[in-house]
Amino acid sequence: MVPLTVAAVQAEAVPGDVAGNAVTAARLVERAARAGARVVVLPELFLPAYHPPALRDDPAGTDVSADDRQVVSDPRLDPLAAVARDRRAVVLVGAAVRHPDGRRTCSALVVDRSGRVSAGYAKQHLWGPDENDLFSPGERGATLRVDGWRLGLGVCYDGCFPEHGRAAAVDGAHGYLCPSGYVVGSEHRRDLYYRARALDNTMYVVFANAVGGATPWRFNGGAAVYDPEGRSLGRAGDHGEAVVVARLDPVELRRVRDAHRMLADRRADQGGVRLLLTG
């Protein structure tokens, strides 16, 4: 492995405007690539915007469709595919995906360095009544390989479950990429969860978040990259568009994992049946 430069993006999307949001995403990927990023992570549901009324009222207009090979072919995404291809960047971006079997998932699309778009990873933990009404949960985890790095994928609420990040780490992940949509009022949890996932699993975490919008879907930014001890390598503010660029270092990853051996020392069974003690 060699060092890998990544970017976490925070930006505001327009509800229902997949084509316009793809143009915005392409502009931000270009900005990140000019700063050296080879992997760029954008927020949850960025292409249609995280706006349940629009997602509910216009599924045909807000969704992208995947074929039976999980390939997404949609001309609205051409600007994003073009910049990924031209800049040789891998892009992770949130979308509502319609599958051949009729399922609709809240997914992280993967745009590879050839510009090919795949359905990527479907969010496994759906948050609240809106998401559970709109989407089907994903059925399995996913790992993205880039230049020797193994990067586990999660979407927002997935990162609230220690088991989700741990499953990625046990599968060999060196990092954890999380497109997200945290609303105003959740700042403490937003920052704590992803620092914890980094330290729990001694892996890098790239956290992208939406920003702006109208209550109750007003988002709070804070896009960040965390090192394997949970320290911030770069963090955006709670307001405004931003691109946070940071370098993932395999030497530092090895140093931390040698010093903090939670992955190597963990007991898979946690001791079996628990004792019940009284005091």
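Residues numbered from 1 in each chain as written. Predicted model: local features only at pLDDT ≥ 70, side-chain atom pairs only at ≥ 80, totals over all residues. Heavy atoms only, no water.

The UniProt entry lists residues 4–250 under the feature "domain: CN hydrolase" (unreviewed entry), expressed in the numbering used here. For residues 4–250, the helix share is 28%, the strand share is 31%, and the end-to-end C-alpha distance is 9 Å. (UniProt positions renumbered as here; feature names shortened; annotations may be inferred. Helix = DSSP H or I, 4+ residues; strand = E, 2+ residues; numbered from the N terminus.)

A full pass over the atoms with the stated rule returns 27 salt bridges. Notably, a salt bridge pairs Lys123 with Glu131, separated by 2.9 Å at the nearest N-O pair. Two residues, Asp269 and Arg267, come together in a salt bridge whose shortest N-O distance is 3.5 Å. Salt bridges linked by common partners bring Arg190, Asp191, Arg235 and Asp238 together as one network. (Salt bridge = Lys/Arg side-chain N within 4 Å of Asp/Glu carboxyl O.)

Time to look at the environment of Leu199. Position of Leu199 among the secondary structure elements: in helix α7 (residues 187–201). Sequence-wise, Leu199 and Asp265 are 66 residues apart; in three dimensions their C-alpha atoms are separated by 14 Å. Look past the residues within four positions of Leu199 in its chain and what remains in contact with it is Pro228, Glu229, Gly230 and Met262. (Contact = heavy atoms within 4.5 Å.)

The next point concerns the pairing of strand β6 (residues 117–122). Burial analysis of β6 places five of its six residues in the buried class, which makes it a mostly covered element. In this sheet, β6 lies alongside strand β5 (residues 104–111) in antiparallel orientation, the contact comprising four bridges. The residue bridging Val111 from the neighbouring strand is Val117, located in β6. Counting the residues that bridge the hairpin from β5 to β6 gives five residues, and of these Gly115 lies at a positive phi of roughly 90°. (Buried < 20%, exposed > 50% of the residue type's maximum accessible area, 1.4 Å probe, protein only. Pairing = 2+ DSSP bridges.)

The next subject is helix α8 (residues 250–259). Of all the residues in α8, the buried ones are Pro250, Leu253 and Val256. For α8, the angular spread of the buried residues around the axis is 125°, confining them to a single face. For α8, exposure combined with an orientation more than 90 degrees from the buried face picks out Val251, Arg254 and Asp258. Buried residues along α8 sit against β8 (149–153), β10 (204–212) and β14 (242–248). (Arc of directions from axis to C-beta.)

In this structure, Thr105 sits in strand β5. Residue contacts for Thr105: discarding those within four places in its chain leaves Ala95, Ala96, Val97, His99, Ala122, Phe135 and Ser136.

Moving on, we get to the packing of aromatic side chains. The description of two aromatic rings rests on the distance between their centres and on the angle between their planes. What the rule picks out here adds up to six aromatic pairs. Between the aromatic rings of Tyr157 and Phe161, the centroid separation amounts to 5.0 Å while the plane-to-plane angle is 75°, which identifies the pairing as edge-to-face. Judged by its relative accessible area of 26%, Tyr157 falls in the partly exposed class. By relative accessible area, which is 25% here, Phe161 ends up partly exposed. A ring pair is formed by Tyr182 and Tyr194, whose centres lie 5.9 Å apart and whose planes are at 85°; its orientation type is edge-to-face. With a gap of 12 residues between them, Tyr182 in the loop between β9 (175–180) and α7 and Tyr194 in helix α7 connect regions that are remote in the sequence. Assessed through its relative accessible area of 0%, Tyr194 is described here as buried. Ring-pair connections join several aromatic residues into one group, and the members of that group are Tyr182, Tyr194 and Phe207. (Phe/Tyr/Trp six-rings, centres within 6.5 Å; stacked < 30°, edge-to-face > 60°.)

Now for the environment of Val206. In this fold, Val206 is placed in strand β10. On the basis of relative accessible area, Val206 is assigned to the buried category, the value being 1%. In the structure, Val206 is positioned 63 residues away from Thr143 in sequence and 14 Å away in space, judged by C-alpha atoms. Leaving out residues up to four positions away in the same chain, Val206 has contacts with Val6, Ala7, Ala8, Val41, Tyr176, Leu177, Cys178, Ala224 and Val225.

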